[in-house]
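# Residue-level structure breakdown
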Amino acid sequence: MLKWISKTSMILFLVAILTSCGGLSKAEKQEFYEKAIPIGQEYFKKYYDAEVEFNRYEVHLPMSSTIVLYGHVKDDPYTSLSLSLSLPSLKVNSAGGPGDFIKKRKSEDEANSH
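What counts, and where the lines are drawn
- Residue positions are given per chain, counting from 1 as you read along its sequence in written order.
- pLDDT decides what is reported in this predicted model: residues at 70 or higher carry local features, side-chain atom pairs at 80 or more are listed and counted, and totals for whole chains, interfaces and linings draw on all residues regardless.
- Hydrogen atoms and water are omitted, and side-chain values are computed over all heavy atoms in the structure.
- Each helix corresponds to a stretch of at least 4 residues labelled H or I by DSSP, and each strand to a stretch of at least 2 residues labelled E; elements are numbered beginning at the N terminus.
- Only protein chains enter the accessibility calculation, which uses a 1.4 Å probe; a residue whose area is less than 20% of its type maximum is buried, one above 50% is exposed, and one in between is partly exposed.
- Contacts are residue-level and defined by heavy atoms, with any inter-residue pair within 4.5 Å sufficient.
- The Shrake-Rupley method, run with a 1.4 Å probe, gives the accessible areas here. Residue values count only the displayed protein chains as cover.
- Only strands that DSSP links by at least two bridges are regarded as paired with each other.
- Lines fitted to C-alpha atoms define the axes here, with helix axes fitted over just the stretch in contact, and angles between the N-to-C directions of these axes take values from 0 to 180 degrees.
- A pair is scored as a salt bridge if a Lys or Arg side-chain nitrogen falls within 4 Å of a carboxyl oxygen belonging to Asp or Glu.
- Each residue after the first adds 1.5 Å to the expected span of a helix.
- The angle between axes fitted to the seven residues ending at a residue and the seven residues starting there is what we call the bend at that residue.

### Some details on the overall build of the protein chain
Within the protein chain, the secondary structure is distributed over 4 helices and 4 strands. Along the protein chain, from the amino end to the carboxyl end, the secondary structure elements read α-α-β-β-β-β-α-α. Taking all 114 residues of the protein chain together, 27% fall into the buried category. Once local pairs closer than 6 in sequence are excluded, the contacts in the protein chain between residues at least 24 apart make up 37%. Working note: accessible area of the protein chain is about 7900 Å², and carbon and sulfur atoms make up 58% of it.

### Focus on the sheet that holds strand β1 (residues 52–60)
Taken in spatial order, the 4 strands make up an open sheet running β1-β2-β3-β4, and their pairing is antiparallel. For this open sheet the edge positions go to β1 and β4 (92–96), each flanked by a neighbour on one side alone. When the angles between neighbouring strand axes are averaged without regard to direction, this sheet yields 20°. Inspection of the sheet shows strand β2 (residues 66–73) paired to strand β3 (residues 76–86) by 8 bridges, in the antiparallel sense.

### Looking at the pattern of salt bridges
Once the charged atoms of two side chains with opposite charge are near each other, the side chains can pair. Summed over the entire model, instances satisfying the criterion amount to 5 salt bridges. Its salt-bridge partner being D49, residue K106 comes within 3.0 Å of it at the nearest N-O pair. With K106 in the loop between α3 (99–102) and α4 (108–112) and D49 in the loop between α2 (26–48) and β1, this residue pair connects regions lying 57 residues apart in the sequence. Measuring nitrogen to oxygen at the nearest pair gives 3.7 Å for the salt bridge that ties E58 to R56. The exposure class of R56 is partly exposed, given its relative accessible area of 44%.

### Re the environment of K104
Relative to the helices and strands, K104 resides in the loop between α3 and α4. Accessibility expressed as a relative area gives 63% for K104, which makes it exposed. The spatial distance from the C-alpha of K104 to the C-alpha of Y48 is 6.5 Å, given a sequence separation of 56 residues. Look past the residues within four positions of K104 in its chain and what remains in contact with it is Y47 and Y48.

### Focus: α2
Taking 1.5 Å of rise per residue, 23 residues should cover 33 Å, and α2 covers 31 Å from first to last C-alpha, within 8% of that figure. The largest bend in α2 comes to about 30°, at A36, with the proline P38 one to four residues further on. Burial in α2 covers these residues: F32, Y33, A36, G40, Y43, F44, Y47 and Y48. Backbone geometry just after α2 places D49 at a positive phi near 50°.

Put into structure tokens, the structure is as follows:
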């Protein structure tokens, strides 16, 4: 019984340490957000010919090390979009939005032909 309590305590301690490590300050999160906005705008312009506005974000650390931008197509607040980027590289992972919108994504060849 004592071994079980000891192991359980150790596991809880490790989980607490791992989930608290790797956190960013509010200022650091805001800095990533501000750097990610033009990357996201360029991504949607290049692959969807769409002007977008981002209005909020979430930072997912330490498990996935991503920042997700949320916004909408400019002049169409009902077309909600999201963009997931890796941290700290800010490389685009994936885009989300209405199915009809996302299906219109250009291929690499189409996007780079301009």
